[in-house]
Amino acid sequence: MNGEERTQTDGKTGEGVTEIDTGCLNLDKKVRQWLKWDQNETTRQEIHTLVQQKDVEELRKRLENRLTFGTAGLRAPMGAGYSRMNDLTIIQSTQGFLRYLESCFDTLKEKGVVIGYDHRINSKRFAHLAACICLHAGVPVYLFSQIVPTPFVAFGVLKYKCAGGIMITPSHNPRGDNGYKVYWDNGSQIIPPHDTGIASCIDANLEPWTTSWDTSIVTTSPLCQDPFNAVHTDYYQAIQKHCRDRKSVV
């Protein structure tokens, strides 16, 4: 019976698990994998609902293809599935980015990373997930405490001599989208071959690590600092040097 969902008991954990029958074994595997890895109840319910509605076409769109990581990072509508921006795809992307940074910088735990976010729905949540993954790995994080313009992250990477940076924003994309921009130690967005290197590391680290959902470390770790005031002051002082009408820059 295509598109059916039945609940049974997992003998090991005692938790309810879902038996899926979409009529496609590979898609069934993707659905079960998503429900195993995703701990966000909202996006889990999205997938449950699609199964209950027997919407196989939408399940294929959400789960059979992953977002492609490129020089612009990631941009997509928010929602459940590997082709959307959500908690799980943020976790997977950050795990991969962290592993790539580790392979490029022996001093990553000294350099750290800068993480910022814009005003979009879920941007702060995504930034905190990215930060917690780095912090649990012992990497210092300069996490902005409020929404910031994208250049603040690039500027922060240079100011603190970090290995890289992450900005949660879809730039000019439509309402409902979000994005994940990545910066290198020179303060610029990544260029080849870093994009393919990061993409390969993401593919090798898809399953969430044990601590990847634990964002409480953001408020407790001494490795997490708020750079907002310092970057705000220094950034505007720096750009004044290049302005003809300096009085217009506040």
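Residues numbered from 1 in each chain as written. Predicted model: local features only at pLDDT ≥ 70, side-chain atom pairs only at ≥ 80, totals over all residues. Heavy atoms only, no water.

Undergrad: Would you mind showing me how to read the overall build of the protein chain here?
TA: Looking only at helices and strands, one finds ten helices and eight strands in the protein chain. Each of the three principal axes of the protein chain carries a C-alpha extent, and together these read 70 × 35 × 35 Å. For the protein chain, buried positions account for 50% of its 250 residues. Residue pairs in contact within the protein chain that sit at least 24 positions apart in sequence constitute 66% of those at least 6 positions apart. (Helix = DSSP H or I, 4+ residues; strand = E, 2+ residues; numbered from the N terminus. Buried < 20%, exposed > 50% of the residue type's maximum accessible area, 1.4 Å probe, protein only. Contact = heavy atoms within 4.5 Å.)

Undergrad: When you look at unusual backbone geometry in this model, what are you seeing that I'm missing?
TA: Across the chain, the bulk of peptide bonds are trans and the bulk of non-glycine residues have phi less than zero. With an omega of 5°, the peptide bond between Pro192 and Pro193 qualifies as cis. With respect to the helices and strands, the residue Pro193 is situated in the loop between strand S7 (177-183) and helix H8 (194-203). Phi at Lys54 takes a positive value of approximately 60°, unusual for a residue other than glycine. Checked against the element boundaries, Lys54 lands in the loop between helix H2 (41-52) and helix H3 (56-63).

Undergrad: Before we go on, may I ask you to explain the sheet that holds strand S4 (residues 113-117) in this structure?
TA: Strand pairing within a sheet occurs via backbone hydrogen bonds; the two strands may be parallel or antiparallel. Reading across from one edge, S3-S7-S6-S4-S5-S8 is the order of the six strands in this open sheet, with mixed pairing throughout. With partners counted over all chains shown, the strands left at the sheet margins are strand S3 (74-77) and strand S8 (224-225), one partner each. Pairing analysis gives two bridges linking strand S5 (residues 141-143) to S8, with the strands arranged parallel. Considered in S8, the bridge of Tyr142 is made with Gln225. On the sheet, helix H4 (residues 87-104) packs against S3, S4, strand S6 (164-168) and S7 and is oriented at approximately 5° with respect to S7. Those strands touched by helix H6 (residues 123-136) are S4, S5, S6, S7 and S8, and its axis lies near 165° from that of S4. (Pairing = 2+ DSSP bridges. Axes fitted to C-alpha atoms, helices over the stretch in contact; angles between N-to-C directions.)

Undergrad: Is there a simple way to think about the nonpolar core in this case?
TA: The tendency in soluble globular proteins is for nonpolar side chains to be buried side by side. Among the nonpolar cores identified, the biggest contains 60 residues, and Ile47, Phe69, Met85, Ile115 and Tyr180 are the most heavily contacted of them. At nine residues, H6 tops the list of elements feeding residues into this core. Among the nonpolar cores identified, the runner-up in size contains 14 residues, and Val148, Phe152, Tyr183 and Phe228 belong to it. (Core = buried A, V, L, I, M, F, W, Y, C linked by side-chain atoms within 4.5 Å.)

Undergrad: So what exactly am I meant to see when it comes to the pattern of salt bridges here?
TA: Opposite charge on two side chains lets them pair, provided their charged atoms get close. Counting across every chain of the model gives nine salt bridges. One salt bridge connects Glu64 with Arg60, and the closest N-O pair in it is separated by 2.9 Å. Classification of Glu64 as partly exposed rests on a relative accessible area of 27%. Residue classification places Arg60 among the partly exposed positions, given a relative accessible area of 33%. For Arg125, the salt bridge goes to Asp87, with nearest N and O atoms at 2.9 Å. Taken together, the positions of Arg125 in helix H6 and Asp87 in helix H4 put the pair 38 residues apart, joining distant regions of the chain. Accessibility expressed as a relative area gives 31% for Arg125, which makes it partly exposed. (Salt bridge = Lys/Arg side-chain N within 4 Å of Asp/Glu carboxyl O.)

Undergrad: Is there a simple way to explain helix H7 (residues 150-159) in this structure?
TA: Every α-helical turn comprises 3.6 residues, leaving residues that sit three or four positions apart pointing alike. Among the residues of H7, Phe152, Val153, Ala154, Gly156 and Val157 are the ones counted as buried. In this structure, the buried side of H7 is in contact with S4, S6, S7 and helix H10 (228-240). Looking at the residues trailing H7, positive phi occurs at Lys161, about 55°.

Undergrad: Would you take a moment to explain H8 for this structure?
TA: Of all ten residues making up H8, seven are buried, and the element is well covered by its neighbours. Its buried side turned inward, H8 meets H4 and S7.

Undergrad: Got a minute to help me understand the side chain of Thr22 in this structure?
TA: Tracing the chain through its elements places Thr22 in the loop between strand S2 (16-21) and helix H1 (25-37). The exposure class of Thr22 is buried, given its relative accessible area of 4%. A polar side-chain atom of Thr22 sits 3.3 Å from the main-chain carbonyl oxygen of Cys24. Of the polar contacts made by the side chain of Thr22, one reaches the side chain of Asp28; its length is 2.6 Å. (Polar contact = N/O pair within 3.5 Å; in protein donor to acceptor, adjacent residues only side chain to side chain.)

Undergrad: Is there a simple way to think about the packing of H1 against H2 in this case?
TA: When two helices pack together, their arrangement is given by the angle between their axes and by how far apart the axes lie. One way to put it is that H1 packs onto H2 with a least axis distance of 9 Å and a crossing angle of 155°. Accordingly, the angle class assigned to the pair H1 and H2 is roughly antiparallel. The way H1 lies across H2 gives a crossing that is left-handed. In this structure, H1 contributes Val31, Trp34, Leu35 and Lys36 to the contact, and H2 contributes Thr43, Arg44, Ile47, His48 and Val51. Taken together, the residues of the contact of H1 with H2 break down into five nonpolar, two polar and two charged. (Parallel < 35°, antiparallel > 145°, perpendicular 65-115°, else oblique. Left-handed = near helix turned anticlockwise from the far one by under 90°. Nonpolar A, V, L, I, M, F, W, Y, C, P; charged D, E, K, R; others polar.)

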